Amino acid sequence: MSFITRGFSGRSRERDERLPPGQTLVHDFPVLSAGPTPDIDTADWEFTIRTESGSQSWNWDEFMALEIDEVSTDIHCVTHWSKLGTSWRGVSIDTLFEHVETGYDYVMAHSYGGYTTNVPLDELRGGKAWVAFEFDGEPLEPEHGGPARLLVPHLYFWKSAKWVRGLEMMPTDEPGFWEQNGYHLHGDPWKEERYW
Ligand SMILES: Nc1nc2c(c(=O)[nH]1)N[C@H]1C(S)=C(S)[C@@H](COP(=O)(O)O)O[C@H]1N2
Ligand SMILES: [Mo]
């Protein structure tokens, strides 16, 4: 019989409790991109929410004039790495939806470069998701999704679309890029919703 010593300090135990099943801590910030990093000038950047009745867009300056949140959160990638206590600045999805009305319950996030990922609207509202443009006090690096990415930290990180350019409201849940390629439709790291 053998067992693994998990460490005796309170801090280690706290770390363990923050680590979902099957995840390993990293201290660097891995880059995972399915294609090349697009080069997006903030002068050309635009963010659009499309609904059944029309659309609402913000350019960079309009977006920066919205209420900005500071977010400190753990992130979990389906490839088994987790990073604790990451810090971001961004606009919450709640703030964006103060300007939008929709009867649809599902969202497809669209990125510059063509990446897509699906998330139920309920999983983006209520202080759970942001369009983030700063990481660790610096403008978000292009390889990590700059100028702006979706941040949905309670789901596996593939839901956090880099280079996000908009949200499309949908009446039903449709699979995005990775979801069409075998990743789980929902992606809760605490339930290990990795693949289906
Ligand atoms: N546009 C776009 N967003 C994306 C991806 C991608 O390939 N393209 N990869 C996803 C995956 S699988 C992960 S784990 C995270 C990785 O983000 P990072 O490169 O900043 O660590 O971005 C997600 N968002
Ligand atoms: Mo990932």
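Here the structure is a predicted model, which is why all the values come from computation and not from measurement. Sequence order as written defines the numbering, with residues in each chain counted from 1. Written order decides the labels, with chains lettered from A and ligands numbered from 1. Per-residue local features of the predicted model are confined to residues with pLDDT of at least 70, and side-chain atom pairs are confined, for both listing and counting, to 80 or more; whole-chain, interface and lining totals are unaffected and use all residues. Each side-chain value is derived from all of the structure's non-hydrogen atoms; neither hydrogens nor water enter the calculation.

A. Geometry of the pairing of strand β8 (residues 130-135). Exposure is judged per residue with a 1.4 Å probe applied to protein chains only, and the accessible area is read against the type maximum: over 50% gives exposed, under 20% gives buried, and values in between give partly exposed. Think of it this way: any DSSP run of H or I at least four residues long counts as a helix, any run of E at least two long counts as a strand, and we number them from the N terminus. Within β8, 6 of the 6 residues are buried, leaving the element largely enclosed by the surrounding structure. Both strand β5 (residues 81-92) and β8 contribute to a ladder of 5 bridges, which runs antiparallel. What sits directly across from Arg89, in β8, is Glu134. Relative to strand β10 (residues 149-151), β8 runs antiparallel, the two being bridged by 3 bridges. The partner of Trp130 across the bridge, within β10, is Leu151. Strand pairing requires that DSSP identify at least two bridges connecting the strands. Relative to strand β9 (residues 138-139), β8 runs antiparallel, the two being bridged by 2 bridges. Across the sheet, residue Glu134 finds its bridge partner in β9, namely Pro139. Taken together, β8 and the strand that follows it, β9, pair antiparallel across an intervening segment of 2 residues, in which Asp136 is found at a positive phi of about 55°.

B. Quick peek at the nonpolar core. Only buried Ala, Val, Leu, Ile, Met, Phe, Trp, Tyr and Cys residues count toward a nonpolar core, and they belong to the same one when joined by side-chain atoms within 4.5 Å. Judged by nonpolar contacts, the single largest core of 35 residues is most densely connected at Phe47, Phe63, Ile93, Leu96 and Val131. Of all the secondary-structure elements, those providing two or more residues to this core are β2 (46-50), α2 (60-64), α3 (93-97), β6 (106-111), β8 and β11 (164-170). Here a residue-residue contact requires only that any non-hydrogen atoms of the pair lie within 4.5 Å. Each residue touching Ile93, except ones within four places of it in the same chain, is listed here: Leu124, Ala129, Trp130, Val131, Leu150 and Leu167. Phe29, Val71, Trp88 and Phe135 belong to the second-largest nonpolar core, a separate cluster that totals 13 residues.

C. Quick peek at the confidence of the model for the protein. Residues at a pLDDT of 70 or more form 94% of the protein, whose mean pLDDT is 94. Each residue carries a pLDDT value, the predictor's own confidence for that position, ranging from 0 to 100. Below pLDDT 50 for its whole length, residues 1-9 participates in 3 contacts with residues either more than four positions away or in separate chains.

D. Geometry of the side chain of Ser82. Mapped onto the secondary structure, Ser82 falls in strand β5. On the basis of relative accessible area, Ser82 is assigned to the buried category, the value being 0%. The term polar contact refers here to a pair of N or O atoms within 3.5 Å; inside protein, the definition further demands a hydrogen-donor-capable atom paired with an acceptor-capable atom, and it admits residues adjacent in sequence only when both atoms are side-chain atoms. At 2.7 Å, the side chain of Ser82 forms a polar contact with the side chain of His76. With residues near it in sequence (within four places) discarded, Ser82 still touches Leu19, Pro20, Gln23, Thr24, Leu25, Val26, Ile75 and His76.

E. Seen up close, the site of ligand 1. What makes a residue near a molecule or strand is one non-hydrogen atom of that residue sitting within 4 Å of it. The environment of ligand 1 is formed by 20 residues, the closest being Pro30, Ala34, His144, Arg149 and Lys162. His144 has a polar side-chain atom sitting 2.6 Å from an oxygen atom of ligand 1. Backbone polar atom of Ser160 to a nitrogen atom of ligand 1: 3.1 Å apart, as the coordinates give it. Surface burial for ligand 1 is 97%, taken as the share of its 530 Å² of free accessible area covered by protein chains. Per-residue and other accessible areas were derived by the Shrake-Rupley procedure at a 1.4 Å probe size, with only the shown protein chains allowed to occlude residues.

F. Looking closely at the sheet that holds strand β3 (residues 55-59). With mixed pairing, the 5 strands of this open sheet are ordered in space as β3-β2-β11-β6-β7. Because the sheet does not close on itself, it has two edges, and the strands there are β3 and β7 (116-120). Direction aside, the axes of adjacent strands within the sheet are offset by 15° on average. Pairing of β6 with β11, which is carried by 6 bridges, proceeds in the antiparallel orientation. When the sheet's bridge partners are listed, His110 is paired in β11 with Gly166. Here an angle of 0 to 180 degrees is reported between the N-to-C directions of two axes, which are lines fitted to C-alpha atoms, with helices fitted over the stretch in contact.

G. Expanded view of the pattern of salt bridges. A pairing counts as a salt bridge when a side-chain nitrogen of Lys or Arg comes within 4 Å of a carboxyl oxygen of Asp or Glu. Summed over the entire model, instances satisfying the criterion amount to 6 salt bridges. Between Arg89 and Glu70 there is a salt bridge, with the nearest N and O atoms lying 3.5 Å from each other. Of this pair, Arg89 sits in strand β5 while Glu70 is found in strand β4 (residues 69-76), placing the two residues 19 residues apart along the sequence. Among the residues examined, Glu70 registers a relative accessible area of 68% and is labelled exposed. One continuous salt-bridge network, built from bridges that share partners, spans Glu70, Arg89 and Glu134.

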